[in-house]
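So the chains spell out like this:
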Amino acid sequence: MEPNRFGDIAAFVSAVKAGSFTAAAASLGLTRSAVGKGIARLEVRMGVRLLNRTTRKLSLTDEGLVAFERWRQILDDLDEVESTMALRRGKPTGTLRLTAPLSFGQRHVLPILDAYLKQWPDLRADIRFTDRYVDLVEEGVDVAVRIGAPKEDSQLLTRTVAWQQFVTCASPGYLERHGTPQVPADLYGHDKIAFLVGEKSAPWRFRTEAGLHLCEEPGRLNIDSSEAMLAGARAGFGLIHLPTYITSDDLRAGALLEVLHDYRPPAEPIRIVYPSKRHLSPRVRGFIDLLVARWEGGVPWEV
């Protein structure tokens, strides 16, 4: 086998995953020209066109699709061999690719990741804090922290590590001026700060003896940022309905007071999700183990 063949295959697979020669070059530490020449060599060697190139995007030919699936698996297998060797050394190496919800990730995952990187100086991390659904397999992500019931996906393994609990709260000043709601129906007419999803505000959920009660009245203020909602509640603008992992510090300090405690909605799982490969790499296994160790005795945001 020619010495540069694996490099050419890696350039091709990276270009398909990234959607462009430029992005593939950045991920591989090469020039755009080097990526293009590597793919051209592959096409000459195989005697077929692998990619359709336009000024805006790349697309696979039928032959390219077959080659991509096979070569991606080969590269994954090579990564697994390296991971197995690293596991024998007991030392996490390489780049941990992680995704987590924006507010939860910044508040509670980042400090653990920081400790993990300090523990293993040779390890690097790429992290995406986003509320967007990230396809781990398609986007090459090692592990995700997700909130809510899992979707059926045979390619993924999942492990529940904590729970999300929504609470309703407001500043003492707001409650003094407007009164404290005693039952969910009392919320109608109150000033509410709601989370904006697209063009609608997310409903507030409550557990009652009659079943789940939804408060779907739009907020007086609707924001697409939970951190901005929290700031608005602190300032006395109105009531908020957010998880304890966002509100716990203010509740403990008395800057916010919980209302409707007896009507808290059912908690939702916070899960670690990762592709179902035969062997987890040391960097992924080590990070999962650290998350579990930090949270199994109780999470820091519980109130």
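Reading the values: the criteria
- Residues numbered from 1 in each chain as written.
- Predicted model: local features only at pLDDT ≥ 70, side-chain atom pairs only at ≥ 80, totals over all residues.
- Heavy atoms only, no water.
- UniProt positions renumbered as here; feature names shortened; annotations may be inferred.
- Helix = DSSP H or I, 4+ residues; strand = E, 2+ residues; numbered from the N terminus.
- Rg over C-alpha atoms; globule rule 2.2 N^0.38 Å.
- Buried < 20%, exposed > 50% of the residue type's maximum accessible area, 1.4 Å probe, protein only.
- Contact = heavy atoms within 4.5 Å.
- Areas by Shrake-Rupley, 256 points an atom, 1.4 Å probe, with all protein chains shown as cover.
- Lys, Arg positive; Asp, Glu negative; His and termini not counted.
- Charge placed at Lys NZ, Arg CZ, Asp CG, Glu CD.
- Pairing = 2+ DSSP bridges.
- Axes fitted to C-alpha atoms, helices over the stretch in contact; angles between N-to-C directions.

Looking at an unreviewed UniProt entry, one finds the protein chain named LysR family transcriptional regulator and attributed to Pseudomonas muyukensis. Entered under Sequence similarities (unreviewed entry) in the UniProt record, the comment concerning the protein chain runs "Belongs to the LysR transcriptional regulatory family."

A. Structural context of the overall build of the protein chain. A count of helices and strands for the protein chain gives 10 helices and 15 strands. In terms of C-alpha radius of gyration, the protein chain reaches 24 Å, well past the compact-globule figure of 19 Å for 303 residues. Counting the 303 residues in the protein chain, one finds 41% classified as buried. Here the contacts in the protein chain between residues at least 6 apart in sequence split such that 73% fall between residues at least 24 apart. Accessible surface computed for the protein chain: about 16400 Å², of which carbon and sulfur atoms make up 52%. If you average the places of the 39 positive and of the 38 negative side-chain charges in the protein chain, the two averages end up 7 Å apart.

B. Expanded view of the sheet that holds strand β6 (residues 156–164). Strand order in the open sheet formed by five strands is β4-β3-β5-β15-β6, with mixed pairing between adjacent strands. Here the strands that pair on one side only, and so sit at the sheet edges, are β4 (123–129) and β6. Between one strand and the next, the sheet's axes are offset by a mean angle of 20°, whatever the strand orientation. Across seven bridges, strand β3 (residues 94–100) lies against β4 in parallel orientation. Looking at the pairing, Leu98 lines up with Ile127 of β4. Seen against the sheet, helix α5 (residues 102–119) touches β3, β4, β5 (143–147) and β15 (268–275) and runs at an angle of roughly 180° to β4. Here helix α10 (residues 282–295) sits on the sheet in contact with β3, β4, β5, β6 and β15, set at roughly 45° to β3.

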